[in-house]
Amino acid sequence: MYFGFQKIQIRYADHLVIDGLTAEFEKGRISTIIGQNGCGKSSLLKTVSRTVRPSGGEVIFKDRPLAKYPPKELARQIAYLPQTRVSLSDLDVRTLVSYGRYPHRRDRDRRDSCRQDSNGRDGRDLGQRRRERDSEVIDRILRRTGLESIQNREVRTLSGGEAQRAWLAMTLCQEPELLILDEPTSHLDIGYQVELLELIQNLNRELGITIVMVLHDLNLAARYSDWIYAIRDGRLYAK
């Protein structure tokens, strides 16, 4: 299995939200999960970020349980954008987007300052090249998401659609192969919803990023998805 859930069970106290759900998502596709409010869609995605611990079953990625991956190794392959985010309104767009490079940095700046590579070159040169690589990725993502011209603006000054693109750009700076999006169009007017979903579709087609997302609008889900998964009463009802 490339990515999916095997017999996942999620409980909040005595309330069973997801009951033994199994679903597999194809690599390179856009898959959308739909369902009524409270059916467990967001809770299911939160098991990927480990903010929700399933009471049973496993999340699988590349035939391995997610729990077997070190967090930073996982963050270099899977990016998760939750519906509710921490307020970072005092930051400018470029700084916010740059946070996506964190999984690739590790503790390398400290290590590079006191070591040589296998060819005897100063480790500080390695650190400089890696920082240049980070800057190149950030520049490329800002262009691709249409944020280059507003990269120095504070996030708090952005429209809803611009802010959502900035957060999406941050996840893309992780250079993931799998992108998990929880209600990415929430609270946006229809024009911004379509604009954002067009961008997501282009990322899938041009970069080959696998997309798994939750949407509440069935019409948009049908237009922008390869597969639709419907959840009802804590179970996978249809695919």
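Check the entry above for the structure.
Residues numbered from 1 in each chain as written. Predicted model: local features only at pLDDT ≥ 70, side-chain atom pairs only at ≥ 80, totals over all residues. Heavy atoms only, no water.

Quick notes on the sheet that holds strand β1 (residues 3-12)
For step 1, the next point in the chain: The strand order β2-β1-β4-β5 describes an open sheet built from four strands, whose pairing is antiparallel. Either end of the sheet is taken by a strand with one partner, and the two such strands are β2 (15-25) and β5 (64-65).
For step 2, the next point in the chain: Alignment of β1 against β2, held across eight bridges, turns out to be antiparallel. Residue R11 lies in a different strand from β2, and its bridge partner there is L16.
For step 3, the next point in the chain: Strands in contact with helix α1 (residues 41-49) are β1, β2 and β4 (56-61); relative to β1, the strand with the most contacts, it is inclined by about 110°. (Pairing = 2+ DSSP bridges. Helix = DSSP H or I, 4+ residues; strand = E, 2+ residues; numbered from the N terminus. Contact = heavy atoms within 4.5 Å. Axes fitted to C-alpha atoms, helices over the stretch in contact; angles between N-to-C directions.)

Structural notes on unusual backbone geometry
For step 1, the next point in the chain: Even without being a glycine, K62 presents a positive backbone phi close to 55°.
For step 2, the next point in the chain: Within the secondary structure layout, K62 lies in the loop between β4 and β5.

A short note on helix α8 (residues 190-207)
For step 1, the next point in the chain: For α8, spanning 18 residues, the distance from its first C-alpha to its last is 25 Å, which sits close to the expected 26 Å at 1.5 Å a residue.
For step 2, the next point in the chain: If you check which residues of α8 are buried, you get Q193, L196, L197, L199, I200, Q201, L203 and N204.
For step 3, the next point in the chain: In the stretch just after α8, G208 is the one whose phi turns positive, near 75°. (Expected span 1.5 Å × (residues − 1). Buried < 20%, exposed > 50% of the residue type's maximum accessible area, 1.4 Å probe, protein only.)

Description of the side chain of Q151
For step 1, the next point in the chain: Tracing the backbone shows Q151 in the loop between α6 (123-144) and α7 (160-172).
For step 2, the next point in the chain: Here E148 takes part through its backbone oxygen, which lies 3.1 Å from a polar atom of the side chain of Q151.
For step 3, the next point in the chain: Dropping the residues within four chain positions of it, Q151 is found in contact with D92, V93, R94 and L142. (Polar contact = N/O pair within 3.5 Å; in protein donor to acceptor, adjacent residues only side chain to side chain.)

Quick look at the sheet that holds strand β7 (residues 178-182)
Within a sheet, adjacent strands bond to each other through the backbone by hydrogen bonds, running parallel or antiparallel.
For step 1, the next point in the chain: If you walk across this open sheet you meet the six strands as β6-β7-β8-β3-β9-β10, and the pairing is mixed. The strands lining the two open edges of the sheet, one partner per strand, are β6 (78-81) and β10 (235-238). Going across the sheet, the axis of each strand differs from the next one's by a mean of 20°, ignoring polarity.
For step 2, the next point in the chain: Of the pairings in the sheet, the one linking strand β3 (residues 30-34) to strand β9 (residues 227-232) comprises four bridges and is parallel in character. Residue pairing in the sheet places S31 in a bridge with W227 of β9.
For step 3, the next point in the chain: Against the sheet, α1 contacts β3, β6, β7, β8 (210-214) and β9, and its axis sits at roughly 140° relative to β7.

Describing the nonpolar core
For step 1, the next point in the chain: One finds L168, L179, L181 and I211 to be the most contacted residues of the largest nonpolar core, which totals 39 residues.
For step 2, the next point in the chain: In terms of residue count, α7 provides more of this core than any other element does, seven residues in total.
For step 3, the next point in the chain: Discounting residues that sit within four places of it in the chain, I211 has contacts with R29, I30, S31, L179, L181, I200 and N204.
For step 4, the next point in the chain: Judged by nonpolar contacts, the second largest core, of 29 residues, contains I10, L74, I180 and I231. (Core = buried A, V, L, I, M, F, W, Y, C linked by side-chain atoms within 4.5 Å.)

Some details on the packing of α7 against α8
For step 1, the next point in the chain: The interhelical angle for the contact between α7 and α8, taken along N-to-C directions, is 20°, at an axis separation of 10 Å. By the angle between their directions, the pair α7 and α8 is classed as roughly parallel. Of the two possible hands of crossing, α7 and α8 adopt the one that is right-handed. Along the contact surface, α7 presents G161, Q164, R165, L168 and L172, while α8 presents Y192, E195, L196, L199, I200 and L203. (Parallel < 35°, antiparallel > 145°, perpendicular 65-115°, else oblique. Left-handed = near helix turned anticlockwise from the far one by under 90°.)

This is a description of form; function is not addressed.
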